[in-house]
Amino acid sequence: MTRSDTGRPRHPGGPNAGRPGFAWALPATLFFALFAILPLIGVAVMSFTSWSGLGNPAFNGLDNWVKLAGDKVMMQSLWLSALLTLLGVAIQTPLSILLGTWAAGHQKNRAILSAIYFVPLLLSSAAVSVLWRALLDPNFGLPGQFSSFFGGDGNVLGTQAGAIAVLTFVGAWQFTPLHTLLYQGAARSVPPVLYQAADIDGAGTVRKFFSITLPQLRNTIVTSVILMVVGGLTTFDTVLILTKGGPGTDTTITAFYMYRKAFQSFDFGVASAIALVLVIIATTISLVLVRVTGYDKMHSVQEGI
Amino acid sequence: MKAKPNYIAGAGSVIWLLIVLVPIYVMLTATIQSQQGYAAKGPLSLPGSFTLENFTALVSSGFLAYVLNTAIVTVSVVGIVVVLVPPLAYAVVRSRSRGISLVFRTFLLGLAIPAQAVIVPIFYLITVAGLYDSLIGIILPTAAFCLPICTLILSGSMRDITPELYEAMAMDGATPMRSFFRLVLPLSKGGISTIIVFSALQAWNGFLFPLILTQSASTKVITLGLFDFQSQYGINIPGLMAAVLLSMLPVLLVYLFARRALVQGLMGVGGK
């Protein structure tokens, strides 16, 4: 700190007077670097090593990558991840846009309903999965009481199609409220003057939705879809608790396969390679979405950085 | 704006309401029935008996110790976040140092790093540091992964403080330290409560880090307890539901009494 004799900053009111220095950012930055940035570099390095959890990792060149390229379960897991992510986006996006714009209205009943819609968000993924697993129990859950509806032995998690449907449904149950919340906030910030103008032109509810609301929600749609993609690709807790990747490996998505490789087979090198694949895919999709939609430019204007 | 009732949307919203509420209803009614009573009536029926045995069984199985562990983790994570994030956000908003924009970009990049992707190096790091199977081992990475969003939220709310106020402080010869405590902190109360709620939720509901970084009963948190309970007594549905209810009870209370901060905290999950 530079100070003059009077103990006051040398340039009172000058551009840098009273501004914090870099030191203010240092503690948080170091902490974050240690537990997030360093591990991110670590995952890249460890993908070229073999480590079983004991001793130290040893470099083994491209071995993990060669193993992975010929691994049928890995290839299947990539397809399954893509499928579950796409299903999630396809179901949750329209649903949450409709619910969000509806909940954005200031009517009393809408406020009460949207307060209840939030409830699934209060539960942890573990709680959600345990809850639905219990609800779908073939003997003591809903299939037991409504066997004609669920058909067969009522074991909805016993087939690949059934298990994928359950994962998609539970994902939607858990995360639609979050996206609804995003759209609700965004729909509320649409300038009312646009709707007033449309009213004067005699536009109906549907027309207003497609010509005003939807275009105005553009930025939010990008944010929400990116969240769904990253979230979908890294879905883990629900798969572990609901299906354990099964039946067989039928719902072993990439993130779960990585967990199995690391903490069940103790093949941490291959697991790191899988993790790196996940990071690259998720980042690429996010960047492409941001670029294609021109979101980055709008965002930077809003942020004023 | 005059709005006539939109019946189709109204019907749709009621259907979604049912989808949200039916599982909650089943959970609540199951928790007050005995296992036999529940099995006999089926999940959707009105409860035919009343018992508190599910809760007493939970308590005697040591579930409350898991609650205590989770509370320790949550309070510590919030503590770390509240100490680290405000100075960082203040620097992001006000500092002219060259490194600051790089730091902010790094944190933005951090938003895109899923915790799942780095569990192997974190496992290695925590093991090497001798923190495996300790609550500190859970606390440190959980707090670190809260930082990006909390920084984004808080710097957003600090940007709303007008430059004139900072300049007035500077004119009076205030040091950054003084501006921080006298101006920035008092005017960022809303943002700070949002990041408290957000990081508390993350810590309370966290599953992945506890799963890979702990193993003994003495360090077990609620989410892991639920998972274990489900693997061991999967068919004791009333017992499971009681555990689920107990795990969400504190969050539910916060929701009832501090809805605004909680909703904003949840929106923080959306990176908004």
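In this text, all values refer to a predicted model and were calculated from it rather than measured experimentally.

### Re the packing of aromatic side chains
Here comes step 1: By the definition in use, this model includes 26 aromatic pairs over all chains.
Here comes step 2: Ring geometry for Phe 266 of chain A versus Phe 268 of chain A: centroids 6.3 Å apart, planes at 55°, classification tilted.
Here comes step 3: Assessed through its relative accessible area of 1%, Phe 268 of chain A is described here as buried.
Here comes step 4: Taken together, Trp 51, Phe 236, Phe 256, Tyr 259, Phe 263, Phe 266 and Phe 268 of chain A together with Phe 123, Tyr 124 and Tyr 132 of chain B form an aromatic cluster joined through their ring pairs.
Here comes step 5: Positioned over the ring face of Tyr 166 of chain B is Arg 94 of chain B, at 4.0 Å from the centre of the ring.

### A look at the packing of helix α12 (residues 222-232) of chain B against helix α13 (residues 237-257) of chain B
Residue and element names in this part refer to chain B.
Here comes step 1: The N-to-C vectors of α12 and α13 enclose an angle of 175°; their axes lie 10 Å apart at closest approach. With respect to each other, α12 and α13 are oriented roughly antiparallel. Of the residues in α13, those touching α12 at Ile 222, Leu 226, Phe 229 and Gln 230 are Gly 239, Leu 240, Ala 243, Val 244 and Ser 247.
Here comes step 2: Class assignment for the residues of the contact of α12 with α13 results in six nonpolar, three polar and no charged.

### Thoughts on the UniProt feature "transmembrane region" (unreviewed entry) in chain A
All names here are of chain A.
Here comes step 1: On the UniProt side, "transmembrane region" (unreviewed entry) is annotated at positions that read residues 21-48, 78-99, 111-136, 156-175, 221-242 and 268-290 here.
Here comes step 2: Taken end to end, residues 156-175 is 80% helix and 0% strand, and its first and last C-alpha atoms sit 21 Å apart.
Here comes step 3: With 100% helix and 0% strand, residues 268-290 has its two end C-alpha atoms placed 32 Å apart.

### Thoughts on the domain arrangement of chain B
Residue and element names in this part refer to chain B.
Here comes step 1: Entries for chain B in the domain assignment read domain 1 (7-51) and domain 2 (60-269).
Here comes step 2: Between the C-alpha centres of domain 1 and domain 2 the distance comes to 33 Å.
Here comes step 3: Taken together, the contacts link nine residues of domain 1 with nine residues of domain 2.
Here comes step 4: Interface of domain 1 and domain 2: buried area, both sides summed, is about 720 Å²; carbon and sulfur atoms make up 82% of it.
Here comes step 5: Among the residues domain 1 hides against domain 2, the three largest losses belong to Met 27, Thr 31 and Gln 35. Together they make up 63% of the total.
Here comes step 6: Joining domain 1 to domain 2, the criterion identifies zero salt bridges.
Here comes step 7: Taken together, the links from domain 1 to domain 2 amount to zero residue pairs in polar contact (both at pLDDT 80 or more).

### Examining the side chain of Arg 94 of chain B
Here comes step 1: As for its position among the elements, Arg 94 of chain B is in helix α4 (residues 63-94).
Here comes step 2: Buried and unpaired, Arg 94 of chain B has Glu 167 of chain B as its nearest opposite-charge partner, separated by 5.4 Å.
Here comes step 3: Residues within four places of Arg 94 of chain B in sequence aside, it is in contact with Arg 19 and Pro 20 of chain A together with Tyr 166 of chain B.

### Examining the UniProt feature "transmembrane region" (unreviewed entry) in chain B
Residue and element names in this part refer to chain B.
Here comes step 1: The UniProt feature table records "transmembrane region" (unreviewed entry) at residues 63-90, 102-126, 138-158, 179-201 and 239-258.
Here comes step 2: In this annotation, residues 138-158 is assigned 100% helix and 0% strand; the end-to-end C-alpha distance for the span is 30 Å.
Here comes step 3: Taken end to end, residues 239-258 has its terminal C-alpha atoms 29 Å apart, with 95% of it in helix and 0% in strand.

### Considerations on the pattern of salt bridges
Residue and element names in this part refer to chain A.
Here comes step 1: Inspection of every chain in the model, using the stated rule, returns three salt bridges over all chains.
Here comes step 2: Between Lys 67 and Asp 267 there is a salt bridge, and its shortest N-O distance comes to 3.5 Å. Residue Lys 67 is located in helix α2 (residues 63-69), and its partner Asp 267 is located in the loop between α14 (254-263) and α15 (268-293); the two are separated by 200 residues in the primary sequence.
Here comes step 3: The class of Asp 267 is buried, set by a relative accessible area of 18%.
Here comes step 4: Salt-bridge contacts for Asp 199 lead to Lys 208; the nearest nitrogen and oxygen are separated by 2.8 Å.

### Thoughts on the packing of helix α1 (residues 26-46) of chain A against α4 of chain B
Here comes step 1: Direction vectors running N to C along α1 of chain A and α4 of chain B enclose 120°, while the axes themselves pass 7 Å from each other. In terms of their interaxial angle, α1 of chain A and α4 of chain B are classed as oblique. The residues of α4 of chain B that touch α1 of chain A, namely those facing Pro 27, Ala 28, Thr 29 and Phe 31 of chain A, are Ile 80, Leu 84 and Leu 88 of chain B.
Here comes step 2: The residue makeup of the contact of α1 of chain A with α4 of chain B, split by class, is six nonpolar, one polar and no charged.

### Let's talk about the UniProt feature "domain: ABC transmembrane type-1" (unreviewed entry) in chain B
Here comes step 1: Under the UniProt annotation, "domain: ABC transmembrane type-1" (unreviewed entry) lies at residues 67-258 of chain B.
Here comes step 2: With 79% helix and 0% strand, residues 67-258 of chain B has end C-alpha atoms that lie 21 Å from one another.

### Overview of the interface of chain B and chain A
Here comes step 1: The partner chain A presents 92 residues to the 97 residues of chain B that form the contact.
Here comes step 2: Carbon and sulfur atoms make up 78% of the surface buried where chain B meets chain A, a total of about 8,600 Å² over both sides.
Here comes step 3: Joining chain B to chain A, the criterion identifies zero salt bridges.
Here comes step 4: There are nine residue pairs in polar contact (both at pLDDT 80 or more) connecting chain B and chain A.
Here comes step 5: Considering every element that reaches the side of chain B that touches chain A, the biggest residue donor is helix α1 (residues 7-31) of chain B, with 12 residues.
Here comes step 6: When the residues that make up the side of chain B that touches chain A are grouped by side-chain class, the tally is 71 nonpolar, 19 polar and seven charged.

### Observations concerning unusual backbone geometry
All names here are of chain A.
Here comes step 1: We note that Lys 244 has phi near 50°; this positive angle belongs to a residue other than glycine.
Here comes step 2: By the element assignment, Lys 244 lies in the loop between α13 (237-242) and α14.
Here comes step 3: With a relative accessible area of 43%, Lys 244 lands in the partly exposed category.
Here comes step 4: For Phe 266, which is not glycine, the phi torsion reads 55° and is therefore positive.
Here comes step 5: Within the fold, Phe 266 resides in the loop between α14 and α15.
Here comes step 6: What makes Phe 266 partly exposed here is its relative accessible area of 45%.

Calculation rules
- Sequence order as written defines residue numbering, which begins from 1 separately in each chain.
- Labels follow written order: the first chain is A, the first ligand is 1, and so on.
- Only residues with pLDDT of at least 70 are given local features in this predicted model, and only at 80 or more are side-chain atom pairs given and counted; all residues enter the totals for whole chains, interfaces and linings.
- Only hydrogens and water are set aside when side-chain values are computed; all heavy atoms of the structure are taken into account.
- Side-chain rings of Phe, Tyr and Trp (the six-membered ring for Trp) are treated as a pair once their centres are within 6.5 Å; stacked means planes under 30 degrees apart, edge-to-face means over 60, and tilted covers the remaining angles.
- Throughout, exposure labels follow a simple rule: accessible area from a 1.4 Å probe, protein chains only, divided by the maximum for the residue type, with under 20% read as buried, over 50% as exposed, and the rest as partly exposed.
- Two limits define a charge over a ring: the Lys NZ or Arg CZ must be within 6 Å of the ring centre, and within 35 degrees of the ring normal.
- Only the stretch in contact is used when a helix axis is fitted, and all axes are lines through C-alpha atoms; the angle between N-to-C directions ranges over 0 to 180 degrees.
- The helix and strand labels rest on DSSP assignments: H or I over at least four residues marks a helix, E over at least two residues marks a strand, and numbering proceeds from the N terminus.
- An angle below 35 degrees is treated as roughly parallel, one above 145 as roughly antiparallel, one from 65 to 115 as roughly perpendicular, and anything else as oblique.
- Here, two residues are considered to be in contact whenever any of their heavy atoms come within 4.5 Å of each other.
- Classification convention: Asp, Glu, Lys, Arg as charged; Ala, Val, Leu, Ile, Met, Phe, Trp, Tyr, Cys, Pro as nonpolar; all other residues, Gly among them, as polar.
- UniProt positions are given in the numbering used here, feature names are shortened, and annotations may be inferred rather than shown by experiment.
- Per the annotation, domain bounds derive from an automatic or database assignment of domains.
- Accessible surface is computed with a 1.4 Å probe, and the buried area is the amount of it that two parts give up when combined, taken over both parts together.
- Salt bridges are defined by distance alone: a side-chain nitrogen of Lys or Arg within 4 Å of a carboxyl oxygen of Asp or Glu.
- Two N or O atoms form a polar contact when they lie within 3.5 Å of each other; inside protein one atom must be a possible hydrogen donor and the other a possible acceptor, and for residues adjacent in sequence the pair counts only when both atoms belong to side chains.
- All tallies of charge rest on Lys and Arg as positive and Asp and Glu as negative; His and the ends of each chain are not included.

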